[in-house]
Amino acid sequence: MKPVVLYRLCDVLTSRNLLRSTQNMSIREQVIVFLQIVGQNQRFRVISGIYYRSIETIHRYFRIVLKAILKLYKYLIKDPEDTVPAEIMNNRRFYPCFKV
């Protein structure tokens, strides 16, 4: 991941009030820990050794970032429109399956 993308992700999570810095970890560090665990399949024990944090702290911040990322679905995923394409609507074979 390029640094620009990481910074943008941190900005989005901050601007939507999904994450905030704490006394123990900055937002950037929280996101980096999360991405290392998810993207590189690192164990909590390995990450705790790299960042000199307890496994409990790493686990806590992993869950916080995971919940924040999952809340982004409201902003990124849109419901499909209720319109049926003309190809399906004009075809007697397919349209009955799409009738509401």
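Our subject in this report is the structure included herewith.

What counts, and where the lines are drawn
Residues numbered from 1 in each chain as written. Predicted model: local features only at pLDDT ≥ 70, side-chain atom pairs only at ≥ 80, totals over all residues. Heavy atoms only, no water. Helix = DSSP H or I, 4+ residues; strand = E, 2+ residues; numbered from the N terminus. Rg over C-alpha atoms; globule rule 2.2 N^0.38 Å. Buried < 20%, exposed > 50% of the residue type's maximum accessible area, 1.4 Å probe, protein only. Contact = heavy atoms within 4.5 Å. Lys, Arg positive; Asp, Glu negative; His and termini not counted. Charge placed at Lys NZ, Arg CZ, Asp CG, Glu CD. Phe/Tyr/Trp six-rings, centres within 6.5 Å; stacked < 30°, edge-to-face > 60°. Lys NZ or Arg CZ within 6 Å of the ring centre and 35° of its normal. Core = buried A, V, L, I, M, F, W, Y, C linked by side-chain atoms within 4.5 Å.

Concerning the overall build of the protein chain
Right, on to step 1. Looking only at helices and strands, one finds seven helices and zero strands in the protein chain.
Right, on to step 2. The order of helices and strands in the protein chain, counted from the N terminus, is α-α-α-α-α-α-α.
Right, on to step 3. By the compact-globule yardstick of 13 Å for 100 residues, the protein chain is too spread out, its C-alpha radius of gyration being 21 Å.
Right, on to step 4. Based on the C-alpha atoms only, the size of the protein chain along its principal axes is roughly 65 × 30 × 25 Å.
Right, on to step 5. Burial statistics for the protein chain: of 100 residues in total, 24% are counted as buried.
Right, on to step 6. Contacts spanning at least 24 positions in sequence make up 45% of the contacts within the protein chain whose residues lie at least 6 apart.
Right, on to step 7. Of the charged side chains in the protein chain, 17 are positive and 7 negative, and the gap between their average positions amounts to 7 Å.

Comments concerning the packing of aromatic side chains
Right, on to step 1. A complete count under the given rule lists two aromatic pairs for this structure.
Right, on to step 2. Seen from their ring centres, Phe44 and Phe62 are 5.5 Å apart, and the 85 degrees between their planes marks the pair as edge-to-face. With Phe44 in helix α3 (residues 44-51) and Phe62 in helix α4 (residues 55-70), this pair connects stretches of sequence that are 18 residues apart.
Right, on to step 3. Given the relative accessible area of 25%, Phe44 is considered partly exposed.
Right, on to step 4. Here Phe62 falls in the buried class, since its relative accessible area comes to 14%.
Right, on to step 5. Sitting over the face of the ring of Tyr75, Arg16 holds its NZ or CZ atom 3.9 Å from the ring centroid.

Quick look at the side chain of Gln30
Right, on to step 1. By the element assignment, Gln30 lies in helix α2 (residues 27-39).
Right, on to step 2. Apart from the residues within four sequence positions on either side, Gln30 is in contact with Leu19, Arg20, Ser21, Thr22, Met25, Tyr61, Ile64 and Val65.

Overview of the nonpolar core
Right, on to step 1. Core analysis: the biggest nonpolar cluster contains 19 residues, and Leu13, Leu19, Val31, Val33, Ile37 and Ile58 have the highest contact counts within it.
Right, on to step 2. Going through the elements one at a time, α1 (3-15), α2 and α4 are the ones with two or more residues in this core.

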